[in-house]
Amino acid sequence: MGVATLTPPAQRVGEELVYPDGRHELADDSAIRNSPLYNADLAPVPIKRRTWTTYNYVALWIGMAHNIPTYLLASGLVLLGMAWYQAILTIALANIIVLIPMLANSHAGTKYGIPYPVFARASFGVFGANVAALLRAGVACGWFGIQTWIGGGALYGLSGKLFGSGWTNSAMIAGQHWTLWLSFAIFWAINIFIILRGMNAVRRFENWAAPFVLIVALGLLAWMVTKAGGFGPILSDPGKVGWGGNFWFVLFPPALMGMIAFWSTLSLNMPDFTRFGKSQRAQAVGQILGLPTTMTLFPLVAVLITAATQVVYKTAIWNPVDLAAKFDNPFVVIFALFTLAVATLSVNVAANIVSPSYDFSNVVPKWISFRTGGLITGVVGIVIQPWNLLANPNVYIFTWLGFYGGALGAIAGVLIADYWFMRETNLKLADLYRASGEYRYSAGFNWRGLVSLLVGGVLAVGGAYSTPGNGPFPQSGIIGPLYNWFPFHVYDYSWIVGLVAAFVCYLALSALFPAAAARRRPQAAAAT
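Read on for an overview of the structure. Since the structure is predicted, the reported quantities are computational estimates derived from the model, not experimental observations.

## With respect to the packing of aromatic side chains
Per the stated rule, a full pass over the model turns up 34 aromatic pairs. An angle of 80 degrees between the planes, with centres 5.7 Å apart, marks the rings of Trp-84 and Tyr-85 as edge-to-face. With relative accessibility at 33%, the residue Tyr-85 sits in the partly exposed group. Among the aromatic residues, those joined into a cluster by ring pairs are Trp-84, Tyr-85, Trp-243, Phe-247, Trp-248 and Phe-252.

Quick look at the structure:
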């Protein structure tokens with residue numbers, strides 16, 4: 001980065017330059033450049049490189065929201081007994097709720113130009129932050145492998161429409177057709193290629209992928225409705241539970257938590273993206289316009305398309321891959337294949353590779369760059385064998401990833417408590433990269449943050465339970481009191497419970513056992 005050029009109206013505050021809009025950058029990073037906690041990818045983004053606009057953040061969220069799992073969200077809730085409008089209401093409300101901690105954690109990224117694992121150093125310690133970072137990375141690697149296998153499967157299935165039965169009935173290798181392995185490898189390689197090009201490549205890809213997938217989805221809706229001449233009975237189906245107590249107190253709460261958990265992991269690592277923001281307004285408005293609106297619109301479009309398929313094909317086709325397989329025109333199949341690939345790539349690269357790339361880099365910054373972290377993510381995504389994870393979704397996706405993801409709410413609780421309430425958004429930017437600076441705490445670990453993470457995590461997932469044959473947990477919960485001592489199952493609210501418990505615990509421990517220099521109120525110095 002070198003020495004920043006001080007141009008009015010920036011003011012010098014210690015080692016930092018502070019701009020009128022509240023953003024900070026280092027006046028000179030030479031003092032920390034040789035620190036073991038520093039590399040060029042984790043370093044604060046200079047103001048001149050913070051160029052992401054409101055549109056970039058809207059496009060980012062549109063690109064991440066337009067994917068096969070999002071398309072299927074409403075169908076899962078309808079199968080549980082909701083009417084389609086209840087499902088859309090639940091999805092919309094969940095995304096408004098998860099937007100709150102997302103914006104809270106995004107602020108630090110824009111203000112200081114730092115990624116999530118560096119931000120976590122303030123509350124967990126410069127070395128303790130690796131605990132929070134690697135927990136987040138683990139979930140991302142799991143979802144990267146699964147999304148890549150889904151994308152490869154779509155490539156394999158629709159390619160069979162072009163190449164015939166010789167493609168789909170090819171020889172078996174390790175339990176799968178070799179053409180499926182090839183499709184997976186191709187899709188994996190495309191993901192890695194994009195991330196190796198860096199964050200600018202991610203931004204450019206999302207910028208055009210977002211409107212492309214949206215236009216195709218709306219075009220498919222118009223075509224299906226025209227072909228059907230209306231909608232099927234899905235839109236007139238009142239559901240199985242109505243608006244009574246069975247909806248509000250039995251079905252709605254766990255469904256809402258499930259929809260919140262869908263993007264809860266991004267509420268931690270949005271600083272990875274907002275560090276490039278031109279202003280707080282650009283990233284906040286972009287996310288407000290992009291997340292809840294798109295996550296409501298896309299499942300709604302899916303419901304309407306599915307209602308039209310009831311008329312055209314005499315059955316409800318919820319899965320877009322299955323719908324694309326109904327097409328016979330090879331050009332339409334190729335276009336559908338390309339669209340599904342772009343939709344899956346756009347969420348996989350942004351949501352599942354960017355975060356662990358920074359997280360792995362944070363472990364040994366001098367040895368692991370952002371691109372190396374991306375390669376590690378790609379390798380781990382294969383090692384976890386996503387084809388086995390998808391073999392039994394009840395046990396693996398909804399248990400392992402749900403359990404793991406639920407505990408991450410506790411990290412958000414610690415981050416928000418420390419940054420907004422203990423430090424009032426004031427950080428010593430250079431000390432985040434010093435092994436012996438303010439955030440060293442005890443040998444680099446802030447025990448208050450780690451204890452709060454443990455408490456929040458145990459309360460969040462300690463009551464985990466499984467119905468017979470659908471998971472590894474006891475029917476009465478891992479920790480019995482968390483299952484049966486309350487009028488509700490605590491695990492059904494795991495992410496919220498973890499966040500609130502860790503938030504309260506961190507504030508209490510910090511008040512009882514205050515760390516030195518926990519607060520910093522900046523005093524502007526004369527510009528030099």
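## Digging into the side chain of Thr-110
Mapped onto the elements of the fold, Thr-110 is located in helix α4 (residues 84–112). By relative accessible area, which is 0% here, Thr-110 ends up buried. Residues in contact with Thr-110, not counting those within four places in the same chain, are Arg-23, Arg-50, Thr-274, Arg-275, Gly-277, Ser-279, Gln-280 and Gln-283.

## Some thoughts on the packing of helix α20 (residues 447–461) against helix α22 (residues 494–512)
How two helices pack is summed up by the angle between their axes together with the distance between the axes. Where α20 meets α22, the axes come as close as 8 Å, and the angle between the chain directions of the two elements is 150 degrees. What the angle tells us is that α20 and α22 run roughly antiparallel. Note on packing geometry: the crossing formed by α20 with α22 is right-handed. Here α20 contributes Trp-447, Arg-448, Gly-449, Val-451, Ser-452, Val-455, Gly-456, Leu-459 and Ala-460 to the contact with α22, which in turn contributes Ser-494, Val-497, Gly-498, Ala-501, Ala-502, Cys-505, Tyr-506, Leu-509 and Ser-510. A per-class count over the contact of α20 with α22 returns 11 nonpolar, 6 polar and 1 charged.

Criteria and cut-off values
- Going along each chain's sequence as written, the residues are numbered from 1 onward.
- Selection of residues for local features in this predicted model requires a pLDDT of at least 70, selection of side-chain atom pairs for listing and counting requires 80 or more, and totals for whole chains, interfaces and linings are taken over all residues.
- Heavy atoms throughout the structure, all of them, feed into the side-chain values; hydrogens and water do not.
- A pair of Phe, Tyr and Trp rings is counted when the ring centres sit within 6.5 Å of each other, with Trp represented by its six-membered ring. The angle between the planes then sorts it: under 30 degrees is stacked, over 60 is edge-to-face, the rest tilted.
- Partly exposed describes any residue whose relative accessible area lies between the buried limit of under 20% and the exposed limit of over 50%, with all areas from a 1.4 Å probe on protein chains only and scaled to the type maximum.
- Under the scheme used here, helices are H or I runs from DSSP no shorter than 4 residues and strands are E runs no shorter than 2 residues, and both carry numbers assigned from the N terminus.
- By definition, residues are in contact when any of their heavy atoms lie within 4.5 Å.
- The axes are straight lines fitted to the C-alpha atoms, using for helices just the contacting stretch, and the angles between their N-to-C directions are given from 0 to 180°.
- Any angle that falls under 35 degrees is termed roughly parallel, while one over 145 is termed roughly antiparallel, one within 65 to 115 roughly perpendicular, and all others oblique.
- Helix crossings fall into two classes, left-handed where the near helix is turned counterclockwise from the far one by less than a right angle and right-handed where it is turned clockwise.
- Polar here means any residue outside two lists: the nonpolar Ala, Val, Leu, Ile, Met, Phe, Trp, Tyr, Cys and Pro, and the charged Asp, Glu, Lys and Arg; Gly therefore counts as polar.

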